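Spelled out, the chains give:
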Amino acid sequence: MKKLNISINTKILEALKLMTKIGEKSLVVSDKNKTLLGILSDGDCRKAILKGVNLNENISKYYNKN
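Residues numbered from 1 in each chain as written. Predicted model: local features only at pLDDT ≥ 70, side-chain atom pairs only at ≥ 80, totals over all residues. Heavy atoms only, no water.

Sheet architecture is open: three strands sit in the order 1-2-3, paired in mixed fashion. The strands lining the two open edges of the sheet, one partner per strand, are strand 1 (5–6) and strand 3 (36–41). As paired strands, strand 2 (residues 26–30) and strand 3 are joined by five bridges and run antiparallel to one another. Its bridge partner lying in strand 3, Ser 30 is registered against Leu 36. Each of strand 1, strand 2 and strand 3 is contacted by helix 1 (residues 12–22), which is oriented at about 130° to strand 2, the strand it contacts most. (Pairing = 2+ DSSP bridges. Helix = DSSP H or I, 4+ residues; strand = E, 2+ residues; numbered from the N terminus. Contact = heavy atoms within 4.5 Å. Axes fitted to C-alpha atoms, helices over the stretch in contact; angles between N-to-C directions.)

Residues Ile 12, Ala 15, Leu 18, Met 19 and Ile 22 constitute the buried set of helix 1. Buried positions in helix 1, seen along its axis, are confined to an arc of 125° and lie on one side of it. Turned more than 90 degrees off the buried face of helix 1, the exposed positions are Lys 17, Thr 20 and Lys 21. Gly 23 lies just past helix 1 and shows a positive phi near 75°. (Buried < 20%, exposed > 50% of the residue type's maximum accessible area, 1.4 Å probe, protein only. Arc of directions from axis to C-beta.)

Here it is, written out as structure tokens:
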């Protein structure tokens with residue numbers, strides 16, 4: 001089974017590496033109780049990179065909460 005869950009403390013670079021490793025274009029963002037917080041897509045990461053965000057910054061500001 002693919003590990004699709006990440007936490008809001010995951011670094012952007014780690015999320016991108018995980019997407020590449022499992023061959024998916026999005027990841028599920030959840031808290032420690034596995035409550036859904038949102039989705040992080042490769043597009044969300046690309047937009048952050050184009051804005052000049054450090055890849056070691058966590059995803060908390062960049063994932064889709066809706």
